[in-house]
Amino acid sequence: MKNIEKLQKELAKDGYIVKLASDIVKDEKLKIGIFGIDYILDGGISMSEGGHRIELFGAESSGKTTLALYIIKRFQELGKLCAFVDAEKAYDKAWGEKIGINNEELLIIEPNSLEEAGDIFVKIITQVDLLVIDSIVSLIPEGEADRDTAEAQMALSARVYALITRKIYHSIGNRPITMIFINQLREKVGAVYGSPYTTGGGHALLHFYNTRIEVKKGKPIEQGTGDLKEKIGMEMLLQCVKNKKGKPYRKAELDFYLNSNLDNNKSLFFAGIKYGVIQRNGNTYEFGNKKGVGQEKFFELLDTEDWKKLEEEIWIAIK
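Just so it is clear, the structure is predicted and the values come from calculations on it, not from any experiment.

A.B. asks: Just checking my understanding: could you explain the overall build of the chain for this structure?
C.D. replies: Counting its regular elements, the chain contains 11 helices and 15 strands. For the C-alpha atoms alone, the extent of the chain along its principal axes is close to 65 × 65 × 50 Å. Looking at the 319 residues of the chain, the share that counts as buried comes to 43%. For the chain, contacts bridging at least 24 residues in sequence account for 63% of all contacts bridging at least 6. Only carbon and sulfur atoms are counted for the fraction: they give 50% of the accessible area of the chain, which is about 17800 Å². Put simply, the chain has 45 plus and 47 minus side-chain charges, and the middle of one group is 7 Å from the middle of the other.

A.B. asks: How should I be thinking about the pattern of salt bridges in this particular structure?
C.D. replies: Two side chains with opposite charge may pair up if their charged atoms get near one another. Throughout the structure, instances matching the rule amount to 8 salt bridges. Of the charged contacts in the structure, one is a salt bridge between R175 and D129, with a shortest N-O distance of 3.9 Å. In this pair, R175 is assigned in the loop between α7 (156-172) and β7 (178-187) and D129 in the loop between α5 (114-124) and β6 (130-134), connecting sequence segments 46 residues apart. The class for D129 is partly exposed, based on a relative accessible area of 24%. For D306, the salt bridge identified is with K290, shortest N-O distance 2.5 Å. One end of the pair, D306, is in helix α11 (residues 304-318); the other, K290, is in strand β15 (residues 290-293), with 16 residues separating them in the sequence.

A.B. asks: How do you make sense of the nonpolar core when you look at a structure like this?
C.D. replies: Proteins that are soluble and globular tend to have nonpolar side chains buried together. With 53 residues, the main nonpolar core has L67, I72, F75, M236 and L238 as its most contacted residues. Judged by nonpolar contacts, the second largest core, of 27 residues, contains A83, A117, I168 and I177.

A.B. asks: How should unusual backbone geometry be read in this particular structure?
C.D. replies: Glycine aside, a negative phi is what most residues show, and trans is what most peptide bonds show. Here the residue pair D134 and S135 is connected by a cis peptide bond, since its omega of -10° sits within 30 degrees of zero. Positive phi, close to 60°, is recorded for S61, a residue that is not glycine. Summarising the element assignment, S61 is placed in the loop between β3 (52-58) and α3 (64-77). Phi at K89 is positive, roughly 55°, even though this residue is not glycine. As for its position among the elements, K89 is in the loop between β4 (82-86) and α4 (93-99).

A.B. asks: Would you mind going over the packing of aromatic side chains with me for this structure?
C.D. replies: Both the distance between ring centres and the angle between the ring planes are used here to describe each pair of aromatic rings. Counted under the stated rule, the structure contains 14 aromatic pairs. Judged by centre distance (5.2 Å) and plane angle (70°), the rings of Y169 and F208 are edge-to-face. Here Y169 is found in helix α7, whereas its partner F208 is found in helix α8 (residues 203-208), with 39 residues between them in sequence. Y169 sits in the partly exposed class, given a relative accessible area of 42%. Aromatic pair F181 and F208: ring centres 5.8 Å apart, planes at 85°, arrangement edge-to-face. Linking F181 in strand β7 with F208 in helix α8, this pair joins segments that are 27 residues apart in sequence. Residue class for F181 comes out buried when judged on its relative accessible area of 2%. Of the aromatic side chains, those joined through ring pairs into one cluster are F269, F270, Y285, F298, F299 and W307. In this structure, R53 packs its charged tip against the face of F208, placed 4.5 Å from the ring centre. Sitting above the plane of the F57 ring, R212 keeps its charged end 4.6 Å from the centroid.

Rules and cut-offs
Residues numbered from 1 in each chain as written. Predicted model: local features only at pLDDT ≥ 70, side-chain atom pairs only at ≥ 80, totals over all residues. Heavy atoms only, no water. Helix = DSSP H or I, 4+ residues; strand = E, 2+ residues; numbered from the N terminus. Buried < 20%, exposed > 50% of the residue type's maximum accessible area, 1.4 Å probe, protein only. Contact = heavy atoms within 4.5 Å. Areas by Shrake-Rupley, 256 points an atom, 1.4 Å probe, with all protein chains shown as cover. Lys, Arg positive; Asp, Glu negative; His and termini not counted. Charge placed at Lys NZ, Arg CZ, Asp CG, Glu CD. Salt bridge = Lys/Arg side-chain N within 4 Å of Asp/Glu carboxyl O. Core = buried A, V, L, I, M, F, W, Y, C linked by side-chain atoms within 4.5 Å. Phe/Tyr/Trp six-rings, centres within 6.5 Å; stacked < 30°, edge-to-face > 60°. Lys NZ or Arg CZ within 6 Å of the ring centre and 35° of its normal.

Structure follows, in structure tokens:
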């Protein structure tokens, strides 16, 4: 121990950042309040030193931006400063208000190039609590913006992102900043085995992310019959494919409605069964003094307090 302390002091004199592993601040988690998201993040967003870097990726209109907006809403409720890098120039003020975002306190950034965005990241990363980038493949490198469309520039974005990630590592330090990168799917050229899709940004970003969440569209939610039938929402399927801040490979389902509501109940139901909080016997489900035959009937029996109590017991069972 004396040798460790001696070495630590010697290195500190030369300006190096050195500490014992036992001095690292405990990895506290911030719950978003949407069980499906908190569950696949293994308790919520990490507030540990160095922050939490999350990628939300998937096909178009799968709900990636909406999930990010709900996270912004939660951060704002806690008095935290949020910035939204609108690379697609598509932020919908009315939609944000409908979700519950305070537009008066949300900083919107519209960079002209990927390099400009990188410079902005480095400047503000020490001042904001949450930075959302929508989307990373929409940021164009200066070399690409200036060239003729017929002139090839292979992997230019990936090379710029590799430089940006190194700068961000240096700037973040020990701040518990949260960064959310929204990404799109691209077809792999010449893919024969495995998934035919990949995400943009290059390998540096893949290593940069602490957590990667795939967002997919599930079945549509409809009401009415015949000619009066209309789509009022969809199932949102979440799968965590990487998580260095907790347990990976968790899955969850959310019911997303076009009026902006996200329903927790489906993900709570399946988690309740998985962790033994909901008792299942064939097609009969029981929680507390509520017992129903069939999923729909069981859902109808539970009121707001039942769902709240169910979530509390699930987190206890998970721990």
